[in-house]
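Breakdown of the fold
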Amino acid sequence: MLKRLKELAEEYNDQVVILRRDFHSNPEISWNEVETTKKVAAFLEKLGCENISTGFGGTECGVTAEIRGSSEGPCVALRADMDALPLDEENDVPYRSVRKGAMHACGHDAHTAMLLGAAMVLSSVRDQLKGTIRLIFQPAEEHGLKSGADHMINEGVLEGVDVIAGLHVWSPLSSGKIAYRSGPVMASCDAWEAVIQGRGGHGSAPHMATDPTIAAANIISSLQSVVGREIDPLDTAVISTGKIEAGSAFNIIPDRVNLLGTTRSFKPEVQDRVEKSIGRLIASISEAYQCRAEYKYTRYVPSTINDEKATLMVREIGEELLGADNVEESPLIMGSEDFSYFQRKVPGTFFFLGTGNPDKGTDNPHHSPHFNVDEDILVSGVTILSAFAWRWLASE
Ligand code: NI
């Protein structure tokens, strides 16, 4: 069956490339994917998909649709994200972004096009499908605070879904390869914030004031001991201080210091520990220096944790399609991905489709103004997504 799905993916590849270039030329940033949503919905309607629904998170963005097989069975969800990033494109290509301040610099244009490709492939074999395929075109993966995945889930897109798969084109990985990983694969992304309140005064008379900069300086250095001394050395965490705000002149001891930072981790228990330990150090160090502290910790995106069975299926499909040499275990990645929200509700797998090819200039970093996708890999992405859905339905 893989051979048949691959042939279909090849047959539809020209259309997938055209779609990808159209999305690339007309990028829309998080929660502004209005035109993209309309195009995707119209395409799915023409294809004969059922239960098409648009507009999530109180916006007009986001699409879900279903391809129903000839008989009842499980429901497999396939997900693509659709948003662009707020930067100007610097690639000189015929399909370059026509919008200032918006660019598909992470490859979500390719994700959307590949999922439409999979919709074409699976629609062609729908009489042979035993179950339902739910297509999820998600807005706002890049937003951080208002995650498109989170909003779509709250509005019921996972109801009845048994398993979900998604992919990311990946420029650090060579074109023609894929990478999988069971268990944690991408980190959680959180933010922490502290206000250290002292008592301002004259720079020449520190004894008359309570200097919050001393407390803040000690907090910033001590936070690194959480990673070094409190987390199992075999686990991973990052604590970074990104913003320090205090003071107004050289001879004034400031009244307060604001600190802002981020943390990354993979395991929920490490994340819990990091949150607690940062709070403890901020409170106790502030107290030691006679300051008062406020602390806030915001969980942005959870870590991406892949289901073993679904991941093994992607690996097997990849090995059959591309050869074992072209299928690798992914390293842990400190970046985050809101696909993780889906995985908190249903088992799922998120894998990487290599797009790095120095000869084509497609090995630039994600989010760079020079990022571009090797279009020759799209057919593999379409085939693997289709095959995953097919195989899961056939195996249950
Ligand atoms: Ni991305």
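Cut-offs applied
Residues numbered from 1 in each chain as written. Predicted model: local features only at pLDDT ≥ 70, side-chain atom pairs only at ≥ 80, totals over all residues. Heavy atoms only, no water. Pairing = 2+ DSSP bridges. Helix = DSSP H or I, 4+ residues; strand = E, 2+ residues; numbered from the N terminus. Axes fitted to C-alpha atoms, helices over the stretch in contact; angles between N-to-C directions. Contact = heavy atoms within 4.5 Å. Domains from an automatic or database assignment. Buried area = accessible area lost by both parts, 1.4 Å probe. Salt bridge = Lys/Arg side-chain N within 4 Å of Asp/Glu carboxyl O. Parallel < 35°, antiparallel > 145°, perpendicular 65-115°, else oblique. Left-handed = near helix turned anticlockwise from the far one by under 90°. Nonpolar A, V, L, I, M, F, W, Y, C, P; charged D, E, K, R; others polar. Phe/Tyr/Trp six-rings, centres within 6.5 Å; stacked < 30°, edge-to-face > 60°. Buried < 20%, exposed > 50% of the residue type's maximum accessible area, 1.4 Å probe, protein only. Lys NZ or Arg CZ within 6 Å of the ring centre and 35° of its normal. Donors = N, O, S within 2.8 Å, 3.2 Å for Na, K, Ca; no water. Right-handed = clockwise from strand over helix to strand, strands pointing away.

**Some words on the sheet that holds strand 6 (residues 178-180)**
Pairing is mixed in the open sheet, where 8 strands are placed in the order 1-2-4-3-5-16-6-15. The outermost strands of the open sheet, each flanked by one partner alone, are strand 1 (50-54) and strand 15 (327-329). Across the sheet, the axes of successive neighbouring strands diverge by a mean angle of 25 degrees, strand direction being ignored. Sheet contacts for helix 10 (residues 378-395): strand 3 (71-81), strand 4 (130-138), strand 5 (163-174), strand 6 and strand 16 (348-356); angle to strand 3, the most-contacted strand, approximately 150 degrees.

**Side note on the domain arrangement of the protein chain**
What the domain assignment reports for the protein chain is domain 1 (2-186 + 303-395) and domain 2 (188-301). Computed from C-alpha atoms alone, the centre-to-centre distance between domain 1 and domain 2 is 38 Å. Contact between domain 1 and domain 2 buries roughly 1,100 Å² in total, counting both sides, with carbon and sulfur atoms accounting for 71%. When the area that domain 1 buries against domain 2 is broken down by residue, the three leading residues are Ser-303, Met-334 and Ser-336, summing to 47%. Our count for the domain 1 to domain 2 interface comes out at 0 salt bridges.

**Focus: the packing of helix 2 (residues 13-25) against helix 4 (residues 108-124)**
One can describe the packing of helix 2 onto helix 4 by two numbers: an axis separation of 8 Å at closest approach and a directional angle of 150 degrees. Viewed along their axes, helix 2 and helix 4 adopt a mutual orientation that is roughly antiparallel. Here helix 2 and helix 4 pass one another in a crossing that is right-handed. Counted together, Gln-15, Val-16, Leu-19, Arg-20, Phe-23 and His-24 of helix 2 and Asp-109, Ala-110, Thr-112, Ala-113, Met-114, Leu-116, Gly-117 and Met-120 of helix 4 form the full contact between these two elements. In terms of residue class, the contact of helix 2 with helix 4 is made up of 8 nonpolar, 4 polar and 2 charged.

**A few points about the packing of aromatic side chains**
Tallied over the entire structure, the rule returns 6 aromatic pairs. Relative to Tyr-297, the ring of Tyr-295 has its centre 6.5 Å away and its plane inclined at 55 degrees; by these criteria the two rings are tilted. Seen in terms of ring centroids, Phe-339 and Phe-342 are 5.8 Å apart; in terms of plane orientation they differ by 55 degrees. Their pairing is tilted. Of this pair, Phe-339 and Phe-342 both sit in helix 9 (residues 339-345), 3 residues apart, which is roughly one turn of that helix. We note that Phe-339, like Phe-342, is buried. Here the basic side chain of Lys-146 rests over the ring of Trp-31, its NZ or CZ set 4.3 Å away from the ring centre. The ring of Trp-392 has Lys-309 sitting right over it, with the charged end atom 4.4 Å from the ring centre.

**Let's talk about the pattern of salt bridges**
Within the structure shown, the criterion is met by 26 salt bridges. We note a salt bridge from Arg-20 to Asp-109, for which the minimum N-O separation is 3.1 Å. Here Arg-20 is found in helix 2, whereas its partner Asp-109 is found in helix 4, with 89 residues between them in sequence. Relative accessible area serves as the criterion here: at 0%, Arg-20 is assigned to the buried category. Relative accessible area serves as the criterion here: at 0%, Asp-109 is assigned to the buried category. Ionic pairing is found between Arg-21 and Glu-375, a salt bridge with its closest N-O pair at 2.7 Å. Of the two residues, Arg-21 sits in helix 2 while Glu-375 sits in the loop between strand 16 and helix 10, which places them 354 residues apart along the sequence. What makes Arg-21 partly exposed here is its relative accessible area of 32%. Counted as one network, the salt bridges with shared partners bring together Arg-20, Arg-21, Asp-109 and Glu-375.

**Comments concerning the coordination of the nickel ion**
By definition of the ideal shapes, a tetrahedral metal site with four donors has angles of 109.5 degrees and an octahedral site with six donors has angles of 90 or 180 degrees. Coordination of the nickel ion by the protein involves Cys-106 (SG), His-108 (NE2) and His-168 (NE2), with metal-donor separations of 2.2 to 2.4 Å. The sequence pattern formed by the donor residues of the nickel ion is C-x1-H-x59-H. With a gap of 60 residues between them, His-108 in helix 4 and His-168 in strand 5 connect regions that are remote in the sequence. For His-108, a relative accessible area of 0% translates into the label buried.

**Some points on the sheet that holds strand 12 (residues 256-265)**
Strand order in the open sheet formed by 4 strands is 10-12-8-13, and the pairing between neighbours is antiparallel. Edge positions in the open sheet fall to strand 10 (237-246) and strand 13 (292-301), since each of these has one partner strand only. Between one strand axis and the next, the sheet turns through 15 degrees on average, direction left out of account. Direction of pairing for strand 8 (residues 188-197) relative to strand 13: antiparallel, over a ladder of 9 bridges. If you follow Val-195 over to strand 13, its bridge partner there is Glu-294.

**Examining the pairing of strand 3**
Along a regular strand, successive side chains alternate from one face of the sheet to the other. A large share of strand 3 lies buried, amounting to 8 of its 11 residues. Pairing analysis gives 8 bridges linking strand 3 to strand 4, with the strands arranged parallel. Looking at strand 4, one finds that Arg-79 is bridged to Ile-136. Regarding topology, helix 4 serves as the crossover connection from strand 3 to the parallel strand 4, and that connection is right-handed. Bridge count between strand 3 and strand 5: 4 bridges; the pairing is parallel.

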